Amino acid sequence: MASIITAIDWPALSAWVEQETRRREHHNPAISVFRWWARRPHSLIRALLEAARSQGVRYVADPFSGGGTVALEAAASGLSAYAQDLYPWPVFGLQTALSQADPERLRVEGERLLRHLDPLRRYYQRGDGRELAGILRVRVVRCLGCEATFPLYPEGVLSKVRRNGNEAYHGCRRCGNVSLEAHCACGYEPPVTPAGKEACPHCGAVSAVSTAGWTAPLVLEEENGRVLVRPAVEGDPVAFIPASSSFPQLRHSIKAGLETRRLHRSGLQYWGDMYSEAQAAVILEGLDYLRERRMPAGVRNRLALAVLGLGEMGALLARWDRLYCKGIEGVANHRYAIPPVAFEANPLASVGRGVLRRRLEAAYRAADWYQGLENKGRVRLVAGSSERQALKRRVVDLVLTDPPYFDDVQYGEMARLFHFWLGQYQPMSVNEEREAVPNPVRGISAAGYAERLEAIFKESLRSLRRGGRIILSYHNRELRAWEALASALRANGLRLRAAAVVLAESANDHSKRGTQAQLYDAILELEPGYGGGAEAVWCPEDPVAKNLFAVALALGETLKGQPLAESYVAQCAALGVEPSIC
């Protein structure tokens, strides 16, 4: 078989990817039905599958299925696919996205669900009948020096009044006043402090602070179909009642972890602590209703995904974009963090990001997309470690996957939030111990990461036909990550056939703004065998992309026995770029 990736027009594909990353859901609506992290662009996977298909590939396997891009694109292309992931949440989401559901029946049942939940709007209604679309809470912290408390208002703007406007609210840490004036009448101006420390507005001490509670200075209302932010006044239902105090079934302890320790530091003990009573009441009642009502499984599960998705808008976890006047899902940044300004969305509001109606509309579009596929490929989905795959020997033409990029994302810990809610809907079990991600809390080192990858690649090779290929996408800024990947590939007797680099992320994504995030992916085409040179296919004219290209080509030399670090430096010199991966 000739090289697959050399048949692709990479400059044209890179332009397509750039367009897709601006509005991913427009290119494949199915990605909006469940949250997963580090999804690869659909246009990239589609191009790889089309190139593979032209060489006779008919059966594709993805042992790190995650967000399901490979499975979704295989289904859309009429190819048969096998997709497996360690965790129940992405498998349930992907299984639902690929299930048959009559779009008309789905819409009817969705509207019935909203009508059933309508009485719960009372949680956000004032005595005069007006309804809040959301609540902005600011963290109150305690000075470790004088023991005084103060609201942790951000410097500058707290929130604009409207997205399309210039008026904005500002908060004073000393007197607690919130107004449209940039400078408080009390005269207090917060000083610049080191990262992780705050200046007490009362005693002046600069130190770390501890969370003492929350205050709700601003609320959201609907104004002509848009969000209006205004100060909270008497009669607004802004009191925070933790869901865990009202619903015993939500008192699931947050286990210790690399990511979850941030939740512990903020005083959260149970998953239910970060949700308001009102939010939890909507989610639990919605799930109960769906379990009890008779309807096709495909319809029920699509509606359940919309309800379960409300879990990423926890009242103390979701963030507020103060300039665009919108909420940001609590796990969108691939990290847990309790923000200084948290946003509680009214799940039943008619406006605003993350509300149930918008999630249902996304479910309708995804069902329309799947219904419209003319030649659906068959996809088999399996949950569990891919060290054991439910495949016969030598049946797969192509393994197309993106293994975890070392420790960039702690998938198991991030998915705990969704597994917590999924467990309220259906029985399931989770085993994070076999995750192929370095995690010191679980005792998984770089060597452990390499061992898990080695076992999974070995199992994938068992099902790969003679002459079949493995194509990986990968990136990381640390040489030790590439060393671990090389170790796993070398142990399985794989060699690099060809390599390319392509844009895979958008710098405008909320999780990428203001960071040095890697926006490119190395595309590695591998095959069983030793020796031979790798074909350098294409790389954008960008120093970051060239560095990634250099380490990808160095990986090929490492699989032949050469030291990675020396090969990487030599490749950088050949490409005329300073090494930046260390």
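Everything below is about the structure printed above this text.
Conventions we followed
- Residues numbered from 1 in each chain as written.
- Predicted model: local features only at pLDDT ≥ 70, side-chain atom pairs only at ≥ 80, totals over all residues.
- Heavy atoms only, no water.
- Helix = DSSP H or I, 4+ residues; strand = E, 2+ residues; numbered from the N terminus.
- Expected span 1.5 Å × (residues − 1).
- Buried < 20%, exposed > 50% of the residue type's maximum accessible area, 1.4 Å probe, protein only.
- Contact = heavy atoms within 4.5 Å.
- Polar contact = N/O pair within 3.5 Å; in protein donor to acceptor, adjacent residues only side chain to side chain.
- Pairing = 2+ DSSP bridges.
- 1 Å grid on protein atoms, 1.4 Å probe; cavity = no way out; pocket = protein on both sides within 12 Å on 5 of 7 lines; lining within 4 Å.
- Points joined across faces, edges and corners; volume = space filled by probe spheres on them.
- Axes fitted to C-alpha atoms, helices over the stretch in contact; angles between N-to-C directions.
- Left-handed = near helix turned anticlockwise from the far one by under 90°.
- Nonpolar A, V, L, I, M, F, W, Y, C, P; charged D, E, K, R; others polar.
- Phe/Tyr/Trp six-rings, centres within 6.5 Å; stacked < 30°, edge-to-face > 60°.
- Lys NZ or Arg CZ within 6 Å of the ring centre and 35° of its normal.
- Parallel < 35°, antiparallel > 145°, perpendicular 65-115°, else oblique.
- Salt bridge = Lys/Arg side-chain N within 4 Å of Asp/Glu carboxyl O.

J.: I keep staring at helix α13 (residues 446-463) and nothing clicks. Help me out?
T.: Every α-helix winds through 3.6 residues per turn, so residues three or four apart in the chain are directed the same way. Under the 1.5 Å per step criterion, the end-to-end length of α13 is 26 Å for 18 residues, consistent within 8% with the ideal 26 Å. The complete set of buried residues in α13 reads Gly448, Tyr449, Ala450, Arg452, Leu453, Ile456, Phe457, Glu459, Ser460, Leu461 and Ser463. Where α13 is buried, its residues contact β16 (396-401), β17 (464-474), α14 (479-491), β18 (494-503) and β19 (520-528). The backbone nitrogen of Ala447 lies 3.3 Å from a side-chain oxygen of the residue at the head of α13, namely Ser445.

J.: How should the pairing of strand β14 (residues 341-345) be read in this particular structure?
T.: In summary, the side chains of a regular strand alternate between the two faces of the sheet. Most of β14 sits out of view: five of its five residues are buried. Of the pairings in the sheet, the one linking strand β3 (residues 134-143) to β14 comprises five bridges and is antiparallel in character. Bridge assignment links Val138 to a residue of β14, and that residue is Val341.

J.: In this structure, what is going on with empty space enclosed by the protein? I would like to understand it.
T.: If you roll a probe as big as a water molecule over the atoms, it shows you where there is empty space left. Across all of its chains, the model carries four cavities of 30 Å³ or more by this definition. Counted as a void, the largest cavity has a volume near 350 Å³. Lining the largest cavity are 29 residues, and of these Phe64, Ser65, Gly66, Asp85 and Pro404 sit closest to its centre. Considering only enclosed or pocket space, the second largest cavity measures out at about 50 Å³ in volume. Along its surface, the second largest cavity is lined by 13 residues, and Leu220, Val227, Phe343, Gly352 and Arg353 are the ones closest to its centre.

J.: Which parts of the structure should I look at to understand the packing of helix α10 (residues 297-308) against helix α11 (residues 356-371)?
T.: The geometry of a pair of packed helices is captured by two quantities: the angle between their axes and the separation between those axes. Contact geometry of α10 with α11 gives a least axis separation of 9 Å together with a crossing angle of 145°. Taken as a pair, α10 and α11 cross one another with a handedness that is right-handed. Residues Arg302, Leu303, Ala306 and Val307 of α10 touch α11, and the partners they reach there are Leu356, Arg359, Leu360, Ala363, Ala366, Ala367 and Tyr370. Looking at the contact of α10 with α11 residue by residue, the class counts come to nine nonpolar, no polar and two charged.

J.: Just checking my understanding: could you explain the packing of aromatic side chains for this structure?
T.: Aromatic ring pairs: the centre-centre distance and the angle between the two ring planes describe each pair. If you walk through the whole model with that rule in mind, you get 14 aromatic pairs. Each ring, one from Trp36 and one from Tyr411, has its centre 5.7 Å from the other, and the planes form 15°; the classification is stacked. Residue Trp36 is located in the loop between α2 (24-27) and α3 (42-53), and its partner Tyr411 is located in helix α12 (residues 411-422); the two are separated by 375 residues in the primary sequence. An identical accessibility class is assigned to Trp36 and Tyr411; each is buried. Members of the aromatic cluster, joined through ring pairs, are Trp36, Trp37, Trp89, Tyr411 and Phe418. For Arg39, the ring lying beneath its charged end belongs to Phe34, and the centroid distance is 4.5 Å. When the ring centre of Tyr370 is taken as reference, the NZ or CZ atom of Lys376 above it lies at 5.0 Å.

J.: Please explain the sheet that holds strand β2 (residues 80-85) as it appears in this structure.
T.: Within a sheet, neighbouring strands are paired by backbone hydrogen bonds and run either parallel or antiparallel to one another. Strands sit in the order β15-β2-β1-β16-β17-β19-β18-β20 across an open sheet of eight strands; the sheet is mixed. The open sheet has two edge strands with one neighbour each: β15 (379-383) and β20 (535-538). Ignoring which end each strand starts from, the neighbouring axes of this sheet average 15° apart. Pairing analysis gives nine bridges linking β18 to β19, with the strands arranged antiparallel. Along β19, the bridge assignment pairs Ala498 with Glu525. Against the sheet, α3 engages β1 (59-62), β16, β17, β18 and β19, with an angle of about 160° to β16.

J.: Before we go on, may I ask you to explain the packing of helix α15 (residues 543-558) against helix α16 (residues 564-575) in this structure?
T.: One can describe the packing of α15 onto α16 by two numbers: an axis separation of 8 Å at closest approach and a directional angle of 135°. In this view, α15 runs oblique relative to α16, as classed from their interaxial angle. When the axes of α15 and α16 are compared, the crossing they make is right-handed. For the pair α15 and α16, the contacting residues are Lys546, Asn547, Phe549, Ala550, Val551, Leu553, Ala554, Leu555, Glu557 and Thr558 in the first and Leu564, Ser567, Tyr568, Gln571, Cys572 and Leu575 in the second. A breakdown of the residues in the contact of α15 with α16 according to their chemical character gives 10 nonpolar, four polar and two charged.

J.: Can you help me understand the sheet that holds strand β5 (residues 159-160) in this one?
T.: The antiparallel open sheet is built from three strands, whose spatial order is β5-β6-β7. The sheet terminates laterally at β5 and β7 (178-179), the two strands that pair on one side only. Pairing analysis gives two bridges linking strand β6 (residues 168-171) to β7, with the strands arranged antiparallel. Looking at β7, one finds that Gly171 is bridged to Val178.

J.: When you look at the pattern of salt bridges in this model, what are you seeing that I'm missing?
T.: Here the structure, examined in full by the defined rule, presents 40 salt bridges. For Asp236, the salt bridge is made with Arg126, and the minimal N-O distance between the two is 2.9 Å. A residue pair is termed long-range when its members are at least 10 positions apart, and Asp236 in the loop between β11 (226-231) and α7 (243-246) and Arg126 in the loop between α6 (103-117) and β3 qualify at 110 residues. In terms of burial, Asp236 and Arg126 fall into one category: buried. Between Arg335 and Glu259 there is a salt bridge, and its shortest N-O distance comes to 3.4 Å. Within this pair, whereas Arg335 is found in the loop between β13 (326-328) and β14, its partner Glu259 is found in the loop between α7 and α8 (261-265), the two being separated by 76 residues in sequence. According to the relative accessible area criterion, Arg335 is partly exposed, its value standing at 31%. Three or more residues joined by partner-sharing salt bridges are found here, namely Arg126, Asp128, Arg130, Glu221, Arg230 and Asp236.

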